[in-house]
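Spelled out, the chains give:
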Amino acid sequence: MTFSSELWDAGAAKVYTEILRHPFITGLTDGTLPHEKFRYFIVQDSHYLRAYSRSLALAAARATDEDAVSMFARHAAEAIDVERELHTSLLGSLGLTSADVDATGSGPTTTAYMSYLTAVCATGTYAEAVAAVLPCYWIYRDVGRELLKQSSPDPVYAEWIASYGSPEFDAVVESVLAVTDALGAEVGPGERDRCHRHFSTTTRYEWMFWDAAYHELEWPVR
């Protein structure tokens, strides 16, 4: 079994099933998801992608070979490009601006996810950093593939689905999976356990991120 398959089977398979049946996801494909909930999601995703870019840069700094350094550094830059290009288009479609994103700030789930991811990538090993950032790549790719089978009658949702179900994004994810699998032979028992824990935790955060958007979760006190 490859290292990535090992991580997925132990820490993501059940959660991924729950993601696909979540009303936020099913509401995208049938077009019934209220735009208010998608607005919340896009705003929070803008904040998340900024932190994700920094986490990928930290992974690049810890990478043990030049190809991986180049790959994660490139992905860090591309995460910002996605945040600027796709989100600018979607924000306009939803009647929002970048100023609205900044004024809203990050919600409780977004803040927790960003903090966890950044902490692992800043203080853990290279393998731990890869395990922590991997679910965002992998789950978005697989969700995009699944949703692309139906797309959506809502043009805003169809645009978002197309971006993550594309062959280009698939190639990006496959490159990260290859790096993950190459690390499998180098990771000892203790570090392996930590990789499993981080992979499982950020996978759960992926579900929580969509759930927070569906419920438009806010800070309980301000």
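Overview of the structure.

Some thoughts on the overall build of the protein
In step 1: Scanning the protein from terminus to terminus reveals 11 helices and 0 strands.
In step 2: In sequence order, the protein lays out its α and β elements as α-α-α-α-α-α-α-α-α-α-α.
In step 3: Taking the principal axes of its C-alpha atoms as reference, the protein extends roughly 50 × 35 × 30 Å.
In step 4: In the protein, which comprises 222 residues, the share counted as buried stands at 53%.
In step 5: Partitioning the contacts of the protein with sequence separation of at least 6, the portion at a separation of at least 24 is 84%.
In step 6: Here the protein displays about 9800 Å² of accessible surface, and carbon together with sulfur accounts for 56% of that area.

Some points on the layout of surface pockets
In step 1: The space that makes up the largest pocket amounts to roughly 440 Å³.
In step 2: In terms of lining residues, the largest pocket is bounded by 21 residues, among which Glu-78, Ala-79, Val-82, Tyr-164 and Phe-169 are the most central.
In step 3: Ranked by the residues each element gives to the lining of the largest pocket, the list is headed by helix α5 (residues 66–93), at 7 residues.
In step 4: A breakdown of the residues in the lining of the largest pocket according to their chemical character gives 13 nonpolar, 3 polar and 5 charged.
In step 5: Within this model, the second largest pocket holds a volume of roughly 200 Å³.
In step 6: As for the second largest pocket, its lining consists of 15 residues, and the residues nearest its centre are Tyr-40, Val-43, Gln-44, Thr-104 and Glu-218.
In step 7: Breaking the lining of the second largest pocket down by element, the ones donating at least two residues are α4 (35–62) and α6 (98–104).
In step 8: Of all the elements, α4 adds the most residues to the lining of the second largest pocket, at 5 residues.
In step 9: Of the residues in the lining of the second largest pocket, the class split is 4 nonpolar, 5 polar and 6 charged.

Focus on the packing of helix α8 (residues 126–148) against helix α10 (residues 167–183)
Each pair of packed helices gets described by two things: the angle between the helix axes and the distance between those axes.
In step 1: Packing of α8 against α10 leaves a shortest axis separation of 9 Å and a crossing angle of 145 degrees. α8 and α10 meet at a crossing whose hand is left-handed. Where α8 approaches α10, its residues Tyr-126, Ala-127, Val-130, Leu-134, Tyr-137, Trp-138, Tyr-140, Arg-141 and Arg-145 are matched on the opposing element by Phe-169, Asp-170, Val-172, Val-173, Glu-174, Val-176, Leu-177, Val-179, Thr-180 and Leu-183.
In step 2: Grouping the constituent residues of the contact of α8 with α10 by class yields 14 nonpolar, 1 polar and 4 charged.

Observations regarding the side chain of Glu-206
In step 1: Assignment of secondary structure puts Glu-206 in helix α11 (residues 189–215).
In step 2: No salt bridge is formed by the buried Glu-206, whose closest oppositely charged neighbour, Arg-204, lies at an N-O distance of 12 Å.
In step 3: Excluding its chain neighbours within four sequence positions, the residues that come into contact with Glu-206 are Ile-19, Tyr-48, Tyr-113, Pro-135, Cys-136, Ile-139 and Tyr-140.

A short note on helix α1 (residues 3–11)
In step 1: For α1, the full list of buried residues reads Phe-3, Ser-4, Leu-7, Trp-8 and Gly-11. The buried side chains of α1 occupy one side of the element, clustering within an arc of 135 degrees when seen end-on.
In step 2: Here the buried face of α1 lies against α2 (13–20), α8, α10 and α11.

Focus on the state of the cysteines
In step 1: For the structure shown, the criterion picks out 0 disulfides.
In step 2: With no disulfide of its own, Cys-121 lies closest to Cys-195 among cysteine sulfurs, the gap being 11 Å.
In step 3: Left without a disulfide partner, Cys-136 is nearest to the cysteine sulfur of Cys-121, which lies 11 Å away.

The rules behind these values
Residues numbered from 1 in each chain as written. Predicted model: local features only at pLDDT ≥ 70, side-chain atom pairs only at ≥ 80, totals over all residues. Heavy atoms only, no water. Helix = DSSP H or I, 4+ residues; strand = E, 2+ residues; numbered from the N terminus. Buried < 20%, exposed > 50% of the residue type's maximum accessible area, 1.4 Å probe, protein only. Contact = heavy atoms within 4.5 Å. Areas by Shrake-Rupley, 256 points an atom, 1.4 Å probe, with all protein chains shown as cover. 1 Å grid on protein atoms, 1.4 Å probe; cavity = no way out; pocket = protein on both sides within 12 Å on 5 of 7 lines; lining within 4 Å. Points joined across faces, edges and corners; volume = space filled by probe spheres on them. Nonpolar A, V, L, I, M, F, W, Y, C, P; charged D, E, K, R; others polar. Axes fitted to C-alpha atoms, helices over the stretch in contact; angles between N-to-C directions. Left-handed = near helix turned anticlockwise from the far one by under 90°. Lys, Arg positive; Asp, Glu negative; His and termini not counted. Salt bridge = Lys/Arg side-chain N within 4 Å of Asp/Glu carboxyl O. Arc of directions from axis to C-beta. Disulfide = S-S within 2.5 Å.

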